[in-house]
Amino acid sequence: MRLACDRLAALGYLKHDSSIQPNGFEIVTHPMSYQHAIHEFPWQLLGELDELGCETDTSVGLHVHASRDGFDSPAHVYRWMKLLYRNESAVSTIARRRSHFAPFDRVARARAKDTAKGNLHALGLDRYQAINPYPRKTLELRVFASSLRVQQVQAALAFTAASIHYTRGIDVAAVRAGAWEWPRFAAWVRNQPDYQPLWAEMEELACAC
C-alpha cells in the first residue's frame, strides 16, 4: 500500500471497498482527462503490484467516470448511451466481464432519455447498472473488470473517451447510415492514434470488426 501511495502522489488515493478481500484496496484517481491519465499516471505501478503478489479478478470492477461537462448536450449523452446499449456483446467483450453489479438493464435502456436529460427522479433505478446515472456531475461506466495489465486499463479509459468523441459528431443521417453499429465504431477507432490501447485490445479480443 505504501508503494501505491508513493507512486500515486497527488494523482489519487487508496480506498477499501466491501467487494474486495479484507486486506485488499482499490486505487481511486482524482478527475483527469484521458490524455493526462495516459501520460501522467504511473503505469509502472501496475506491474510492481503484480510482482508483489497483488491480484485482481472479474468480480471486482474498474469504474470509469465520464464528466457530464464533457458532453455537448443531452442529445450527445443519449447518442453515447445508445451506442453502448446497442452493442452490449462487444462492450462486454472489451470490458472482459458480465456482472450483475453492472447489467445492461432493459428498463435503464428504455429510460436513457431521462438519464440524458438529468431527470434522475423519474428513473426508479438503482446505481448497479452498466451506466450509473446518479453521481451528481458524472456518468459512471461500471462494466470493466479490474486489471493489473496496462493495456487493459488504458483500453477501458480509451473506450470511454473514444465512445464520447465518436458520438459527438453523429447526426440523424449518420445514424440512419449505421453509425451506431459496432463495425463502424471499430473502423473509426482504428484510425485514431490517440486510442491505440483500445484498438490493440479490440484486436487481441477479436472484436475489431
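The residue count restarts for each chain, going from 1 along the sequence in the order it is written. In keeping with the model being predicted, local features are shown solely for residues with a pLDDT of at least 70 and side-chain atom pairs are shown and tallied solely at 80 or more, while totals for entire chains, interfaces and linings include all residues. Calculated side-chain values reflect all of the structure's heavy atoms, with hydrogen atoms and water omitted.

Caption draft 1: Local environment of the overall build of the chain. Runs of E in the DSSP output that reach at least two residues are strands. Runs of H or I that reach at least four are helices, and both are numbered from the N terminus. Helix and strand counts for the chain come out as 11 helices and five strands. The quantity called the radius of gyration is restricted to C-alpha atoms. Its globule counterpart is 2.2 Å times the number of residues to the power 0.38. Its C-alpha radius of gyration of 17 Å places the chain within 12% of the 17 Å reference for a compact globule of 209 residues. Summarising its shape, the C-alpha atoms of the chain cover approximately 50 × 40 × 30 Å along the three principal directions. Partly exposed describes any residue whose relative accessible area lies between the buried limit of under 20% and the exposed limit of over 50%, with all areas from a 1.4 Å probe on protein chains only and scaled to the type maximum. Here the chain holds 209 residues, and the buried ones make up 45% of them. Think of it this way: Lys and Arg go in the positive column, Asp and Glu in the negative one, and His and the chain ends go nowhere. Charge positions come from single atoms, namely NZ of Lys, CZ of Arg, CG of Asp or CD of Glu. Once the 24 positive and 22 negative side-chain charges of the chain are each reduced to a mean point, those two points are 10 Å apart.

Caption draft 2: Focus on unusual backbone geometry. One non-glycine residue, A9, adopts positive backbone phi at about 50 degrees. Relative to the helices and strands, A9 is located in the loop between α1 (2-8) and β1 (12-15). Assessed through its relative accessible area of 55%, A9 is described here as exposed.

Caption draft 3: View of the pairing of strand β5 (residues 138-145). Summarising burial for β5: eight of the eight residues are buried, a large majority. Strand pairing is defined by DSSP finding a minimum of two bridges between the two strands. Across six bridges, strand β3 (residues 61-67) lies against β5 in antiparallel orientation. By the bridge assignment, G61 is partnered in β5 with A145. In this structure, strand β4 (residues 131-132) lies alongside β5, joined through two bridges in antiparallel fashion. Counterpart to N132 in the pairing with β5 is E140.

Caption draft 4: Broad picture of the sheet that holds β4. The strand order across the open sheet built from three strands is β3-β5-β4, with neighbouring strands paired in antiparallel fashion. Of all the strands in the sheet, the pair left with one neighbour each is β3 and β4. Should any heavy atoms of two residues lie within 4.5 Å, those residues are considered in contact. With axes taken as lines fitted to C-alpha atoms, and helix axes fitted only over the stretch in contact, angles between N-to-C directions fall between 0 and 180 degrees. Against the sheet, helix α8 (residues 150-168) engages β3 and β5, with an angle of about 30 degrees to β3.

Caption draft 5: Summary view of the pattern of salt bridges. Salt bridges are defined by distance alone: a side-chain nitrogen of Lys or Arg within 4 Å of a carboxyl oxygen of Asp or Glu. Applying the stated rule across the entire model yields six salt bridges. Where E48 meets R7, a salt bridge forms, and the shortest distance between an N and an O atom there is 2.9 Å. With E48 in helix α3 (residues 44-51) and R7 in helix α1, this residue pair connects regions lying 41 residues apart in the sequence. Note that E88 and R98 form a salt bridge whose closest N and O atoms lie 2.7 Å from each other. Of the two residues, E88 sits in helix α5 (residues 88-95) while R98 sits in the loop between α5 and α6 (106-110), which places them 10 residues apart along the sequence. By relative accessible area, which is 28% here, E88 ends up partly exposed.

Caption draft 6: Structural context of the environment of A208. Tracing the backbone through its elements, the reader meets A208 in the segment after α11 (196-204). In the structure, A208 is positioned 10 residues away from L198 in sequence and 9.6 Å away in space, judged by C-alpha atoms. Setting aside anything within four residues of it in sequence, one finds A208 in contact with A186, W199, M202 and E203.

Geometry only, nothing functional implied.
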